[in-house]
Structures are given as C-alpha cells and as structure tokens.
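# Structural description and commentary
Spelled out, the chains give:
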Amino acid sequence: MYDLLGTMRVVEASSFVAAPSAGLYLSQMGAEVIRIDQIGGGPDFKRWPLADNGASFYWEGLNKGKKSVALDLGNPEGRDLLAALITANGKEGGHFLTNFPVVGFLAHDKLAERRADLVTVRVMGKADGGPAFDYTVNCALGIPQITGPGPAPANHVLPAWDLLTGAYAAFAMLAGSRNRAAAGEGGEIRIPLADVGIATVANLGMLAEVQFSGADRERFGNDVYGVFGRDFVTRDGARLMIMAITPRQWSGLLKVLRITGDVARIEAELDVSFTSDEGLRFTHRNRLTPLVAAAVAQRDAGELSKQLDDAGCSWGPYKSMSEAIRDPQLVTENPVFAQIEQVSGFSYPVPGAMATLAGIDRRAPVRAPRLGEHTDDVFSNVLGLGSGSIGRLHDQGIIG
C-alpha cells in the first residue's frame, strides 16, 4: 500500500473482476475507494473459491483496503443516496467506477446534472451495451483455437481480459482525473471488455498475421511461438520451462548443455545462424528440441538451475499453487505479501501493491471490509448527515 493518490475519492459500484480490480489498484496507490454494496451482498459476494464458513476468498481478495457502504438499491431513496455520494462536493471527489449498465439511474448524463465535472469510468461487456464475460469474449478472439493440443478449443483458466480491463480502467480513471484538473471538465470513459480483448490481440500483431497469411495460426502445444521455448524434464523428474530469446541466452544455454558443436553442425547443414535470428530457432525447433531435451535429461534440476542462472539463461520451474504459496521468492519472503487476518476470519498471505517504489516504505495490505462497515462514517463525513438521519435510514432498511 502506498499514499500516492492523496485524498482522491472514488465511489465504486461494481461486481466480478474487471471493475473491482481497478478499484483495488487505485486503493493500493492511496485512493479512498468507497465500495457500494447491496444490503446482503451483490452477485459476486459468494463467488468461489469459498472458505469453510461460506466467505468468499475471491470477494475479499478483490476488495482489500476499500470501504463498504451498504444500500438498498431497489429503494428510490437508496438510489438517490448513491447518486449523492458519487457527486458529492470536494476537489478530490467526483470519481465514479462502475460496471452498471449505460442507461438507468447511474447513467453518466443523469449524474452529471448533479456534478458537471464528474469523471465516470464504466467497464462494459460489449460496446453496444450487451453483456459479456471474460470467457465469452475469449472464445470469439480465436485464442482457444490455438491453445492446447487440439482439436477442441481450450478455455484458459486465468481471466486475462478481465484483468487487463481492470488495469486499463484504473489507468483511464487517472487520465480522466488529470484531464479534469487541467481543463476543468469531466466525462465518461467507457471500456468494453470485448474491445480490450480484440485490441490487445491486434496490438500483438496477431490480426495482421491472419490477414497477411490468409490462415489461422496453427497450434504449437507448449512451444512458444516465434522463439525457442518449451518445457523440458530433468533427470530427477523436474519439469522446467526454458526459453532463449536473446543471443546471450541462446549461447549461454548451448554452453551449459554442452551442445554448441552439435548446433553448429545443424547451422552449417542448413546454412543458417540461430544466434542472430530467434525466429530460425522456432522454425527449426524440431531439430533443436531433441538436442536440448536429451541434454536436460542428463542433469538434475538443482545442478542445472544453478548453471542456467550463472549463464544468464531464462528458465522457470513448473509448480503447483500449493508449492507456489510456500516459495520464499514468490510468497513467504516476498515483501509484496503480508500475513493478515481477512474478513473471512482466516489468516493467510495477502498481497499489497504489486509495484515497488524505491525509497518509499511499503505499508501492509488492509483487509477487505465487512458489508456496510463504513456506511455511517461515509454518510457522516462525505454527505454531512447527522446521527438522527442515519438512524432513520437504518430503521427504514435503506442503509445497512
């Protein structure tokens, strides 16, 4: 946790991954993120994985460090209170993050009638307002059709487009806020999940590749497209991912495995230079992979990993998540993590900000809020409501 965003106040009305992760990143950099929760919890409040007591590890992971205000959003007064929080006065307020529909009571134009310089970042499924999730976007991009061994498409497990959209939404919020500070103008920034997916694929050159070649890319299994890289098994049964992209990594790998002469003979036979052209290593991987595989199979993982490190090679071990959580570099001795008790009542390693700021002390991550934990404080401090008004709202079930 850092304090880079000062007194910036963001009201978040969202669920699932993309928008909540944007609020998480803003909170970890110091923004006051006020999460609006339906009384009793929203559609992702009990999403798996769950603790034995029914608490969602998923929900508390994405909502660390935020404040929670519980409202009955089916009640007109509850909706009006939310609009009042979003548009409350204050130089650092007026930032709204949501994945609610474009139309309705949280439409930007309606809210801007109450605060003209409001900055709204709206995460959407599709640009036309239609619904979409990470997996329904991914299947339409062609990625599952070039993933895995085939012939059936292979869905990914990591919600990559959600996470990219969340990071982009946090960036867009800061860009919108900066523009407001310079020009005095607010506005709505819409970020469709589908646009993030297809734009990212295009940014990687994959759409141009298809148009140029006239055909979809074939599946390559565990081989990394365009370079030399795949999994290999050591003598003691460890599986390592080994890559060689730069000339130094390639020459270092050959030296460690003692196959420089064998590779030189293939180069002479084919009249190519694998050192100068990483693409040729991929093109001729069927000649190179057996050499590397045989050499790796003659070494134990401990010995080989040290030699690869000493030679500046790029590699990584395959681990299960149960192994990763015990890894000193990844978790147990990683300053990004701290052992804290979460709202579920369970204590486990929890990450703070993923960035490391040189010369600035890293603060420990803050647990996720309990539903409605900050309701009274927020309405008192942001809207100036007195105890009598807050008590009435509680009694009427409008806030919780």
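In this report, we go over the structure that sits alongside the text. Since we're looking at a predicted model, the values are computed, not measured.

Position of Asp395 relative to the elements: it lies in helix H17 (residues 387–395). For Asp395, a relative accessible area of 72% translates into the label exposed. Linking Asp395 and Glu209, residues 186 residues apart in sequence, is a C-alpha distance of 62 Å.

This part takes up the nonpolar core. Within the largest apolar cluster, 22 residues are counted, with the highest numbers of intra-cluster contacts made by Ile36 and Leu71. Elements represented by at least two residues in this core include exactly strand E1 (9–13), strand E2 (32–38), strand E3 (67–71), helix H3 (76–86), helix H16 (375–381) and H17. Here Ile36 is in contact with Val11, Glu12, Ala13, Val69, Leu71, Leu73, Leu82 and Leu85, once residues within four sequence places are set aside.

Okay, the environment of Val103 next. With respect to the helices, strands and loops of the structure, Val103 is situated in the loop between strand E4 (95–98) and helix H4 (108–112). A relative accessible area of 66% places Val103 in the exposed class. On a C-alpha basis, the gap between Val103 and Gly129 in space is 9.0 Å, while along the polypeptide they are 26 residues apart.

Another point: the pairing of E3. Counting buried positions along E3 yields four of five residues, so the element is predominantly enclosed. The sheet contact formed by E2 and E3 spans five bridges and is parallel. Within E3, the residue paired with Gln38 across the bridge is Leu71. With helix H2 (residues 57–62) bridging E2 and the parallel E3, this β-α-β connection has right-handed handedness.

With antiparallel pairing, three strands are arranged side by side in an open sheet as E7-E8-E9. If you trace the sheet from one side to the other, it starts and ends with strand E7 (228–233) and strand E9 (314–317), each paired once. Each strand axis lies, on average, 20° off the axis of its neighbour in the sheet, ignoring direction. Of the strand pairs in this sheet, strand E8 (residues 239–244) and E9 are connected by four bridges, and their pairing is antiparallel.

A sheet is described by the order of its strands in space; here six strands give the open sequence E3-E2-E1-E4-E5-E6, paired in parallel fashion. On the outer flanks of this sheet lie E3 and strand E6 (187–192), each paired with one strand and no other. Neighbouring strand axes in the sheet, compared pairwise and without regard to direction, differ in orientation by 20° on average. In terms of strand pairing, E1 meets E4 through four bridges, oriented parallel. Within E4, the residue paired with Glu12 across the bridge is Leu97. Of the strands in this sheet, E1, E2, E3 and E4 touch H3, which is tilted by about 150° from E3.

In this section: the environment of Val137. Counting through the fold element by element, Val137 comes out in helix H5 (residues 134–141). Since its relative accessible area comes to 6%, Val137 is described here as buried. Along the backbone, Val137 and Val196 are 59 residues apart, and their C-alpha atoms lie at a distance of 9.5 Å. In this structure, Val137 is in contact with Ala132, Trp161, Leu193 and Ala194, ignoring residues within four places of it in sequence.

Before going further, it helps to spend a moment on the side chain of Ser15. Along the chain, the position of Ser15 falls in the loop between E1 and helix H1 (18–28). Look at Ser15 and you get buried, because its relative accessible area is 10%. Those residues within four positions of Ser15 in sequence are excluded, and the remaining contacts are Pro20, Pro43, Asp44 and Asn99.

Here the focus is the packing of aromatic side chains. Scanning the entire structure with this criterion turns up 12 aromatic pairs. Judged by centre distance (5.4 Å) and plane angle (65°), the rings of Phe228 and Trp250 are edge-to-face. Of this pair, Phe228 sits in strand E7 while Trp250 is found in helix H9 (residues 247–257), placing the two residues 22 residues apart along the sequence. Grouping aromatic residues by their ring pairs yields a cluster made of Phe228, Phe232, Trp250 and Phe274. Of note, Arg79 hangs over the ring of Phe105, and the distance from its end group to the ring centre comes to 4.3 Å. The ring centre of Tyr225 lies 3.5 Å from the NZ or CZ of Arg217, which sits over that ring.

Moving on: the pattern of salt bridges. Counting across every chain of the model gives 22 salt bridges. The partner of Arg180 in a salt bridge is Asp117, with the nearest N and O atoms 4.0 Å apart. In this pair, Arg180 is assigned in helix H6 (residues 160–183) and Asp117 in the loop between H4 and strand E5 (119–124), connecting sequence segments 63 residues apart. Look at Arg180 and you get buried, because its relative accessible area is 8%. Classification of Asp117 by relative accessible area gives partly exposed; the value is 23%. Close ionic contact of Lys319 with Asp327 constitutes a salt bridge, the shortest N to O distance being 2.1 Å.

Cut-offs and rules
Residues numbered from 1 in each chain as written. Predicted model: local features only at pLDDT ≥ 70, side-chain atom pairs only at ≥ 80, totals over all residues. Heavy atoms only, no water. Helix = DSSP H or I, 4+ residues; strand = E, 2+ residues; numbered from the N terminus. Buried < 20%, exposed > 50% of the residue type's maximum accessible area, 1.4 Å probe, protein only. Core = buried A, V, L, I, M, F, W, Y, C linked by side-chain atoms within 4.5 Å. Contact = heavy atoms within 4.5 Å. Pairing = 2+ DSSP bridges. Right-handed = clockwise from strand over helix to strand, strands pointing away. Axes fitted to C-alpha atoms, helices over the stretch in contact; angles between N-to-C directions. Phe/Tyr/Trp six-rings, centres within 6.5 Å; stacked < 30°, edge-to-face > 60°. Lys NZ or Arg CZ within 6 Å of the ring centre and 35° of its normal. Salt bridge = Lys/Arg side-chain N within 4 Å of Asp/Glu carboxyl O.

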